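Below are the chains, spelled out letter by letter.
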Amino acid sequence: MRILSGVQPSGRPHLGNFFGAMRQFVSLQNEGEALYFIADLHALTSVRDGRELSQSSRDVALDYLALGLDPKKAVLFLQSAVPEVTELFWYLTALTPMGLLERGHSYKDKVARGIAADAGLFTYPVLMAADILLYGSDLVPVGKDQVQHLEMTRDIAVKFNAAFVPGYDPADPEGAKSGKPGILKLPKAYVQEGAAASVPGVDGQKMSKSYGNTIELVADDAATKKRIMGIKSDSTPMESPKDPESTPIFALLSLFASDTERAEIEESFRTGGKGYGHYKQRLHELFMETLGPARERRRRLTEDPAYLDDVLAAGAKKAREIAAPVMDAVRHAVGTGRRTG
Ligand code: TYM
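Note that this is a predicted model, so its numbers are computed, not measured.

At a closest axis distance of 9 Å, the pairing of helix H10 (residues 248-256) and helix H11 (residues 259-271) adopts a crossing angle of 160 degrees. Here H11 runs roughly antiparallel to H10, going by the angle between their axes. Between H10 and H11 the crossing geometry is right-handed. Residue-level contacts link Phe250, Leu253 and Ser254 of H10 to Arg262, Ile265, Glu266 and Phe269 of H11.

Our focus in this paragraph is the side chain of Glu84. For Glu84, the position within the fold is in helix H4 (residues 84-93). Judged by its relative accessible area of 13%, Glu84 falls in the buried class. Among the polar contacts listed, one links the side chain of Glu84 to the side chain of Arg320, at a separation of 3.0 Å. Non-local contacts of Glu84, meaning those with residues more than four positions away in its chain, are made with Leu134, Arg320, Met327 and Arg331.

For the rest of this paragraph, the subject is the site of the ligand. In the region of the ligand, 28 residues are neighbours, and Gln8, Tyr124, Asp131, Asp145 and Val199 sit closest. Interatomic distance of 2.8 Å between a side-chain N/O atom of Gln8 and an oxygen atom of the ligand. Gly143 places a polar main-chain atom, nitrogen or oxygen, 2.8 Å from an oxygen atom of the ligand. With the chains in place, 96% of the 710 Å² that the ligand exposes on its own is no longer accessible. Considering only residue class, the shell around the ligand consists of 13 nonpolar, 11 polar and four charged.

A separate point is the environment of Ile265. Examined against the element boundaries, Ile265 turns out to sit in helix H11. Distance in space between the C-alpha atoms of Ile265 and Leu253 is 8.6 Å, their sequence separation being 12 residues. With residues near it in sequence (within four places) discarded, Ile265 still touches Phe250, Leu253 and Tyr279.

Much of the literature gives interface size as the accessible area that the parts lose upon coming together. Domain boundaries assigned for the protein yield domain 1 (2-197 + 305-334) and domain 2 (218-300). Buried area between domain 1 and domain 2, summed over both chains or domains, comes out near 950 Å², and the portion from carbon and sulfur atoms is 70%. Per-residue buried area on domain 1 facing domain 2 is highest for Leu15, Phe19 and Ala66; these three make up 49% of the total on that side. Run the count over domain 1 and domain 2 and you get two salt bridges. Between Arg298 and Asp59 there is a salt bridge, and its shortest N-O distance comes to 3.3 Å. At the junction of domain 1 with domain 2, the criterion picks out three residue pairs in polar contact (both at pLDDT 80 or more). The element best represented in the side of domain 1 that touches domain 2 is helix H3 (residues 50-66), accounting for five residues. Of the residues assigned to the side of domain 1 that touches domain 2, the class counts are nine nonpolar, one polar and three charged.

What counts and what doesn't
- Residues numbered from 1 in each chain as written.
- Predicted model: local features only at pLDDT ≥ 70, side-chain atom pairs only at ≥ 80, totals over all residues.
- Heavy atoms only, no water.
- Axes fitted to C-alpha atoms, helices over the stretch in contact; angles between N-to-C directions.
- Helix = DSSP H or I, 4+ residues; strand = E, 2+ residues; numbered from the N terminus.
- Parallel < 35°, antiparallel > 145°, perpendicular 65-115°, else oblique.
- Left-handed = near helix turned anticlockwise from the far one by under 90°.
- Contact = heavy atoms within 4.5 Å.
- Buried < 20%, exposed > 50% of the residue type's maximum accessible area, 1.4 Å probe, protein only.
- Polar contact = N/O pair within 3.5 Å; in protein donor to acceptor, adjacent residues only side chain to side chain.
- Near = heavy atom within 4 Å.
- Areas by Shrake-Rupley, 256 points an atom, 1.4 Å probe, with all protein chains shown as cover.
- Nonpolar A, V, L, I, M, F, W, Y, C, P; charged D, E, K, R; others polar.
- Domains from an automatic or database assignment.
- Buried area = accessible area lost by both parts, 1.4 Å probe.
- Salt bridge = Lys/Arg side-chain N within 4 Å of Asp/Glu carboxyl O.

Have a look at this one:
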């Protein structure tokens, strides 16, 4: 089984990235051949400072390693280090219907807010499809916000296979009956259940870099504490019962707490007697217990930049090897592949 996913380096990874995706990256590295990348090309749709992009790409790579990604088990690389992905992006763009992209959430949101969208934002899902299809991925661990992109990826793969693979039947997209699975393999999304699928930010909306409501995984201790103590709550007095849904505190706590503690906290919210500050303190403790070791590893990794260079170079080489046969088949099918002999 081939597992693949990526994170944009358009800011530092946060609790949404962790519970929605990165924690699964680490556990899945033992389940199959795992490839994880830093989506620097995607980040160009919002970052317009070369030095910043290159620095934050390295930062995200270090975060992956600090969280427990083992380069002996998983392939870690920069998206831009595999130029084949932009080539495949073009072959896919050539047959992607405008209507499919017009239904894209990020594009639609931007247009609805009256912001002019660039072509890069519009075609973002096609580059993401190229990321996934280039490596013949089976399983893609992501948060709920990426599920639509996975559906688009499957649609685009079917379009490509139907256009270029003789005998391919779009009604039998995996080739179960026809024995013709196509050149591009259809991936599946792997999404967590409950709050982890869409982690709330400090203001209660979905945690997102673009909303400025994140709790970063490796910010300095004082900033982390300030962020957690600043989570939105209301003015219900300490002794009164509290609705666990009225603040993101309970949802965030339940991501970290054991089942028993989660039930106790919920009961205590409903009974009253404790102020929000108490629950925030407990969240801070649990955050530090869970992420403390990664934060410590992160500090040590920063001291050895050459190690990261080696990991990324080896990762890019391996990723290109995995991509090569898919790319060969694609080029031959579309007619750009050189014939030998
Ligand atoms: P990005 O960088 O926005 O987020 C990385 C991963 O974190 C998940 N995530 C969340 N999960 C739960 N709750 C949240 N509040 C939350 N915020 C973010 C995202 O769902 C994602 O899994 N387009 C992708 C990057 C990408 C990619 C790919 C992913 C590019 N190519 C190919 C998978 C496969 C993105 O912007 O993720």
